[in-house]
Amino acid sequence: MTDREMLEKNALEVVCACQYYDLMDNIESELDATLICIVNRTISCNICKE
């Protein structure tokens, strides 16, 4: 498994339910930096604030 694949897997595991399907649809185009922020929980959801 590559670092990118691991990053995508981790991001999908921790992203909130509000953003899960949006991330799933667009994960290949997301920047590594954005995925890292999701994994580190430094990006919060505008809907549920998680």
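Conventions and cut-offs
Residues numbered from 1 in each chain as written. Predicted model: local features only at pLDDT ≥ 70, side-chain atom pairs only at ≥ 80, totals over all residues. Heavy atoms only, no water. Phe/Tyr/Trp six-rings, centres within 6.5 Å; stacked < 30°, edge-to-face > 60°. Buried < 20%, exposed > 50% of the residue type's maximum accessible area, 1.4 Å probe, protein only. Salt bridge = Lys/Arg side-chain N within 4 Å of Asp/Glu carboxyl O. Helix = DSSP H or I, 4+ residues; strand = E, 2+ residues; numbered from the N terminus. Expected span 1.5 Å × (residues − 1). Contact = heavy atoms within 4.5 Å.

Colleague: Outline the packing of aromatic side chains, supporting the account with residue identities and numerical values.
Modeller: The relation between two aromatic rings is expressed through the spacing of the ring centres and the mutual angle of the planes. Taken as a whole, this structure holds one aromatic pair when the rule is applied. With centroids separated by 5.2 Å and ring planes inclined at 90°, the aromatic side chains of Tyr20 and Tyr21 adopt a geometry described as edge-to-face. A relative accessible area of 62% means that Tyr21 is categorised as exposed.

Colleague: Describe the pattern of salt bridges, naming the residues involved and giving the relevant values.
Modeller: Side-chain pairing between opposite charges can occur once the charged atoms of the two side chains come close. What the rule picks out here adds up to three salt bridges. One salt bridge in this structure joins Arg4 and Glu8, with 2.8 Å as the shortest N-O distance. Here the residue Arg4 and the residue Glu8 both occupy positions in helix H1 (residues 3-14), the gap between them amounting to four residues, near one helical turn. Of the charged contacts, one joins Arg4 and Asp32 as a salt bridge, the two residues approaching to 2.3 Å between their closest N and O atoms.

Colleague: Which residues make up H1, and what values do they have?
Modeller: The α-helix winds at 3.6 residues per turn, so residues separated by three or four positions along the chain end up facing the same way. Here H1 is twelve residues long and its end C-alpha atoms lie 17 Å apart, about the 16 Å a rise of 1.5 Å per residue gives. Contacts from the buried residues of H1 go to helix H2 (17-26) and helix H3 (32-39).

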